[in-house]
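# Residue-level structural notes
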Amino acid sequence: MDWNPKRVRALAFDVDGTLFSSEGIILETYAEAIRRFSANSQIPLEVPDRERIMLEIGKPVKTIFLNLVPQLRESERDQISDSVLELLVSKIRQGEGEFYPKVKETVTSLKNKGYQILAASNGRMAYVKTILEVSGIFPLFDPIVVLDNETIKTKPDIVAKYIRDYSYSPDEILMIGDRSSDHEAARKNGSPFAFCAYGHAPEGEIPDWEVSLAQLEDLDRIF
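Residues numbered from 1 in each chain as written. Predicted model: local features only at pLDDT ≥ 70, side-chain atom pairs only at ≥ 80, totals over all residues. Heavy atoms only, no water.

### A short note on empty space enclosed by the protein
Counted by the stated rule, this structure contains one cavity of 30 Å³ or more. What the largest cavity holds in volume is close to 280 Å³. The set of elements that each furnish at least two residues to the lining of the largest cavity consists of α1 (23-41), α3 (61-68) and α4 (74-93). Broken down by element, the residue count for the lining of the largest cavity peaks at four residues, all from α4. The class makeup of the residues in the lining of the largest cavity is ten nonpolar, five polar and five charged. Of the residues that make up the lining of the largest cavity, three or more belong to each of domain 1 (5-19 + 100-221) and domain 2 (22-94). (1 Å grid on protein atoms, 1.4 Å probe; cavity = no way out; pocket = protein on both sides within 12 Å on 5 of 7 lines; lining within 4 Å. Points joined across faces, edges and corners; volume = space filled by probe spheres on them. Helix = DSSP H or I, 4+ residues; strand = E, 2+ residues; numbered from the N terminus. Nonpolar A, V, L, I, M, F, W, Y, C, P; charged D, E, K, R; others polar. Domains from an automatic or database assignment.)

What follows is the structure, encoded as structure tokens:
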């Protein structure tokens, strides 16, 4: 798309793979949650390997567990998903997982320059809020919209709601992320996309972008 960076008024940040990496804790967390469910339900389940789990990261939670344990009922998948959320929140609060360099400095600087700071994550509220609180940037964000699986089922729906709520033109909101769901959120709304090349995307997953970021702080130099 033909875009003008000077038109951008709001920055919509994906979270995992953009501000924070769960890669170092994700396998053990999923394994623990699946083992816990197996023990309680007496349903034997194989723990997916790291590669299989990382392919799912960034998708809506219900999609992730449908893909990983399709043999279970939705209510059973939700039990594992809730367990993963509880474990991840606890680990992040204990300092596990990794924040990318200069997250607080970069987001603070952009806020001070007058950009509206938004979150556009497929993660649940407790997960998103925990990461933003632990990194010290939660107060910089305007009210966070997350999937409710009713009116907001996908990341494009989140970005569309921000555009509506704040009466933006599509080119006034920049979607910043690392996975195909972030690219789709920008493209379906006609918004520009900043690709975090340092994130979780396998080579070739993202077909095009307006800006490629080798590190998050590049954003502060562009804007």
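Picking up where we left off.
### Comments concerning the pairing of strand β4 (residues 116-119)
On β4, burial covers both faces: Gln116 and Leu118 on one face and Ile117 and Ala119 on the other are all buried. Both strand β1 (residues 10-13) and β4 contribute to a ladder of four bridges, which runs parallel. Bridging from a neighbouring strand, alanine 12 pairs with leucine 118 of β4. (Buried < 20%, exposed > 50% of the residue type's maximum accessible area, 1.4 Å probe, protein only. Pairing = 2+ DSSP bridges.)

### A few points about the domain arrangement of the protein
We note that the domain assignment places domain 1 (5-19 + 100-221) and domain 2 (22-94) within the protein. One C-alpha centre belongs to domain 1, the other to domain 2, and the line joining them spans 24 Å. Contacts between the two partners involve 16 residues from domain 1 and, on the opposite side, 17 residues from domain 2. If you look at where domain 1 meets domain 2, you find two salt bridges. The residue glutamate 133 makes a salt bridge to arginine 93 at a minimum N-O spacing of 2.7 Å. Joining domain 1 to domain 2, the criterion identifies nine residue pairs in polar contact (both at pLDDT 80 or more). Examining the composition of the side of domain 1 that touches domain 2, we find that six residues originate from one element, helix α6 (residues 125-134), more than from any other. Per-class residue counts for the side of domain 1 that touches domain 2 are six nonpolar, five polar and five charged. (Contact = heavy atoms within 4.5 Å. Salt bridge = Lys/Arg side-chain N within 4 Å of Asp/Glu carboxyl O. Polar contact = N/O pair within 3.5 Å; in protein donor to acceptor, adjacent residues only side chain to side chain.)

### Considerations on the sheet that holds strand β6 (residues 193-196)
Strands sit in the order β4-β1-β5-β6-β7 across an open sheet of five strands; the sheet is parallel. For this open sheet the edge positions go to β4 and β7 (211-213), each flanked by a neighbour on one side alone. On average, each strand axis in the sheet is tilted by 20° relative to the strand beside it, whichever way the strands run. Relative to the sheet, helix α7 (residues 155-165) contacts β4 and β5 (173-177), its axis offset from that of β5 by approximately 150°. (Axes fitted to C-alpha atoms, helices over the stretch in contact; angles between N-to-C directions.)

### Examining the nonpolar core
Counting 56 residues, the largest nonpolar core has Phe13, Ile80 and Phe141 as the members making the most contacts within it. Among the elements that line this core, the one with the most residues is α4, at seven residues. Composition of this core by domain shows at least three residues from each of domain 1 (5-19 + 100-221) and domain 2 (22-94). Ignoring any residue separated from it by four or fewer positions in sequence, one finds phenylalanine 141 in contact with Phe13, Leu19, Val107, Ile117, Leu118, Ala119 and Leu132. Listed in part, the 19 residues of the second largest apolar core include Ala120, Val145, Val159 and Ala185. (Core = buried A, V, L, I, M, F, W, Y, C linked by side-chain atoms within 4.5 Å.)

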